Amino acid sequence: MPENSAPPPEGEQSHSVRLTDPRALRAYAHPLRMTLVGLLRRHGPFTATRAAELTGESVASCSYHLRILAKYGLVEEAPGGRGREKPWRATARYTEWPGYSDDASVAQAADELNVAVAERYFGRFAHALENRAGVSKEWREAELFGDALVYITPEELTALGQRIDELLRAYADREDDPALRPPGAQPVSFLKIAYLDPDTDDDKE
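Residues numbered from 1 in each chain as written. Predicted model: local features only at pLDDT ≥ 70, side-chain atom pairs only at ≥ 80, totals over all residues. Heavy atoms only, no water.

> Which residues make up the packing of helix 2 (residues 31-43) against helix 5 (residues 104-130), and what are the values?
Two elements in contact, helix 2 and helix 5, have axes whose closest approach is 11 Å; the angle formed by their N-to-C orientations is 65°. On the basis of their axis angle, the class for helix 2 and helix 5 is roughly perpendicular. At the point where helix 2 passes helix 5, the crossing takes the right-handed sense. Two secondary-structure elements touch here, helix 2 through Pro31, Met34 and Thr35 and helix 5 through Leu113, Ala116, Val117 and Arg120. The residue inventory of the contact of helix 2 with helix 5, partitioned by class, reads five nonpolar, one polar and one charged. (Axes fitted to C-alpha atoms, helices over the stretch in contact; angles between N-to-C directions. Helix = DSSP H or I, 4+ residues; strand = E, 2+ residues; numbered from the N terminus. Parallel < 35°, antiparallel > 145°, perpendicular 65-115°, else oblique. Left-handed = near helix turned anticlockwise from the far one by under 90°. Contact = heavy atoms within 4.5 Å. Nonpolar A, V, L, I, M, F, W, Y, C, P; charged D, E, K, R; others polar.)

Right, dumping it as structure tokens:
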């Protein structure tokens, strides 16, 4: 949860959960755990049995990883369980972690998580590209796929990111309220990636 923010009403997700403990950062870097958190945010609450159905993993494995996620505040038990079948829910809509830390252990764990997240992003992106047979001409032409090399300062890059966030906020309410979605609206993953290019001599694609 961002600093100085009020806790959400009971049963509602906070905007974000912030990980700063190296153990939590490494725990979240596990591919199945990231998948479980993402599914809970989009389709939860659900039980370990349902998690197994959605992921193809065993119930025991899903139950174990959900408990690890709960240990670090990423998920929690939800009301309405019956017997041993307890439902889980995500504690926040987004996960945040430091982009920089003076603590070497935190910095290393954050870098490892960044690599895991990048692999997950581009694995999902590659899968989407490989399975486009049913994607309409309208959506194919609307999708964004490209890059740009720009020479800017850290302050300008921060400001650019804030401007992008502001543009995306115009659509944020549609995630929780389907009534706000116009006809034809579909879920679109929008990746924000900007990094210091280690080799600016390469030709741009």
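> Describe the environment of Thr55, naming the residues involved and giving the relevant values.
Mapped onto the fold, Thr55 is located in helix 3 (residues 48-55). A relative accessible area of 23% places Thr55 in the partly exposed class. A C-alpha to C-alpha distance of 9.2 Å links Thr55 and Leu39, two positions 16 residues apart in sequence. Not counting the four nearest positions on each side in its chain, Thr55 is found in contact with Leu32, Thr35, Leu36, Leu39 and Cys62. (Buried < 20%, exposed > 50% of the residue type's maximum accessible area, 1.4 Å probe, protein only.)

> With reference to specific residues and values, describe the nonpolar core.
Membership of the largest hydrophobic core comes to 31 residues, with the highest contact counts inside it found for Leu25, Tyr28 and Leu113. Of all the secondary-structure elements, those providing two or more residues to this core are helix 1 (22-28), helix 2, helix 3, helix 4 (59-71), strand 3 (88-90) and helix 5. Not counting the four nearest positions on each side in its chain, Tyr28 is found in contact with Leu19, Arg33, Met34, Val37, Arg41, Leu69, Leu74, Thr95, Trp97 and Leu113. (Core = buried A, V, L, I, M, F, W, Y, C linked by side-chain atoms within 4.5 Å.)

> Lay out the packing of helix 3 against helix 4 in plain terms, naming residues and giving numbers.
It is the contact of helix 3 with helix 4, at a shortest axis distance of 8 Å, that shows an interaxial angle of 115°. Taken together, the axes of helix 3 and helix 4 are roughly perpendicular relative to one another. The crossing of helix 3 and helix 4 is right-handed. Of the residues in helix 4, those touching helix 3 at Ala48, Thr49, Ala51, Ala52 and Thr55 are Val59, Cys62, Ser63 and Leu66. Of the residues contributing to the contact of helix 3 with helix 4, the split by class is six nonpolar, three polar and no charged.

> Which residues make up the pattern of salt bridges, and what values do they have?
This structure, assessed with the given rule, holds 10 salt bridges. Across the salt bridge formed by Glu53 and Arg50, the nearest N and O atoms sit 3.0 Å from each other. A residue pair is termed a helical-turn pair when its members lie 3 or 4 positions apart in one helix, as Glu53 and Arg50 do in helix 3 at three residues. For Glu53, a relative accessible area of 54% gives the class exposed. Overall, Arg50 belongs to the partly exposed group, its relative accessible area being 39%. When the shortest N-O distance is used, the salt bridge between Asp165 and Lys192 registers 2.3 Å. Residue Asp165 is found in helix 7 (residues 154-169), and its partner Lys192 is found in the segment after helix 7; the two are separated by 27 residues along the sequence. For Asp165, a relative accessible area of 27% translates into the label partly exposed. A single salt-bridge network, built from bridges that share partners, covers Arg93, Glu175 and Asp176. (Salt bridge = Lys/Arg side-chain N within 4 Å of Asp/Glu carboxyl O.)

> Can you lay out helix 5 for me, pointing to particular residues and giving the numbers?
Residues lying three or four places apart along an α-helix face the same way, a consequence of the helix completing one turn every 3.6 residues. Between its terminal C-alpha atoms helix 5 stretches 39 Å, which fits the 39 Å expected from 27 residues at 1.5 Å a residue. All buried positions along helix 5 are accounted for by Val106, Ala109, Ala110, Leu113, Ala116 and Val117. Against helix 1 and helix 2 lie the buried residues of helix 5. (Expected span 1.5 Å × (residues − 1).)

> So what's going on with the environment of His30? Which residues, and what values?
Following the sequence through the fold, His30 ends up in the loop between helix 1 and helix 2. For His30, a relative accessible area of 30% corresponds to the partly exposed category. Here the alpha-carbon distance between His30 and Val117, two residues 87 residues apart in the chain, equals 9.4 Å.

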